[in-house]
Amino acid sequence: MKLATWNVNSLNVRLPHVLDWLHENPIEVLCLQETKQQDIKFPYNDLKAAGYHAVHSGQKTYNGVAILSTHEMTDVEHGIAGFEDEQKRVISATIHDDPGHKIRVICVYVVNGQAVDSEKYEYKMRWLEALNSWLTGELKKYPNLVILGDYNIAPDDRDCHDPAAWEGSILVSPRERDAYEELIELGLHDTFRLFEADGGYYSWWDYRMMGFRRNRGMRIDHILVSDPLKNKCTSCIIDKAPRKLERPSDHTPVVLEMHL
DNA sequence: ATGGCTTCTGTGAGAAGA
């Protein structure tokens, strides 16, 4: 089974890239973030024509998350149970593959936080705490769990192009990294790091200052798996190809392969 | 360098992203 995550920075703008990418990369599950559109505008028909079921939790202008799958999805849940949030940042579903395996997939768009001294940063920290408590229960309910998305956290200095310049800033601050580490301590594994120990691999590059060409990026999009799935993982790669297209998203897909 | 780009809203210029 192949699963991927991609922050598309507006599905309205990026739908052609998504359809082209799915055509070239036939995978079973794709989680999208920042669709930036209401459900009524979501391109269910175009995705269906491409062979994908889809579930979406969207809103106008900001946020918005979706799960696309070639397989049937059941038990769709929106948001973090018990956490009131106007912002559409989480959607979950159970994927049923052809051999009959059941995998619980959670698509997350973690709060950006803007700057460490902003109110949005405090919201980010509260949000991550709520995610953590909720996941504790979800892991018990669903042993085979994959959490894919834009975490807006670079877990360590290998995941940042210039740690000295970024020290203490948003995306790398100690409190954010501690919150990420607490997710890992629930018994989750950063699948990219199962296969690659070196730095210099990023999933986001700033649009400004030729960030991509100079590889001035951050690895902030992650695929975490629960313990029972760890040894089923066979590869996790960052596909830089879509970042090279005309009018790209500033993020690029991360792809996990598992042999169930 | 409180910048740089891109998207959104909505038709201006400002917010937000990361």
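As the structure is a prediction and not an experimental result, all values here were calculated from the model. (Residues numbered from 1 in each chain as written. Chains lettered and ligands numbered in written order. Predicted model: local features only at pLDDT ≥ 70, side-chain atom pairs only at ≥ 80, totals over all residues. Heavy atoms only, no water.)

Participant: It is not clear to me how the pairing of strand β1 (residues 2-7) should be interpreted in this structure. Could you clarify?
Facilitator: Side-chain positions along a regular strand alternate between the two faces of the sheet. Buried residues dominate β1, accounting for five of its six residues. Relative to strand β14 (residues 254-258), β1 runs antiparallel, the two being bridged by four bridges. Pairing of T5 across the sheet is with V254, part of β14. Relative to strand β2 (residues 29-33), β1 is paired through five bridges, and the arrangement is parallel. The partner of N7 across the bridge, within β2, is Q33. Remark: the β1/helix α1 (residues 11-24)/β2 crossover connection has right-handed handedness. (Buried < 20%, exposed > 50% of the residue type's maximum accessible area, 1.4 Å probe, protein only. Helix = DSSP H or I, 4+ residues; strand = E, 2+ residues; numbered from the N terminus. Pairing = 2+ DSSP bridges. Right-handed = clockwise from strand over helix to strand, strands pointing away.)

Participant: Help me out: how do you make sense of the sheet that holds strand β9 (residues 188-190) in this one?
Facilitator: The strands making up a sheet associate through hydrogen bonds between their backbones, and the pairing can be parallel or antiparallel. If you walk across this open sheet you meet the six strands as β5-β6-β7-β8-β12-β9, and the pairing is mixed. Every interior strand has two partners, whereas the edge strands, β5 (72-78) and β9, have only one. Recorded for the sheet is a direction-independent mean angle of 20° between the axes of neighbouring strands. By the bridge criterion, three bridges tie β9 to strand β12 (residues 221-226) in an arrangement that is antiparallel. Counted as the bridge partner of D190 is L224 from β12. Sitting on the sheet, helix α3 (residues 119-141) touches β5, β6 (90-96), β7 (102-109), β8 (145-150), β9 and β12, and the angle it makes with β7 is about 175°. Across the sheet, helix α5 (residues 174-184) lies against β9 and β12, angled at about 120° from β9, the strand it touches most. (Axes fitted to C-alpha atoms, helices over the stretch in contact; angles between N-to-C directions. Contact = heavy atoms within 4.5 Å.)

Participant: Where do I start with the sheet that holds strand β3 (residues 53-57) in this structure?
Facilitator: Strand order in the open sheet made by the six strands is β3-β4-β2-β1-β14-β13, with mixed pairing throughout. Bordering the open sheet on either side are β3 and β13 (233-238), each of which pairs with just one other strand. Strand-to-strand twist in this sheet, taken as the mean axis angle between neighbours without regard to direction, amounts to 10°.

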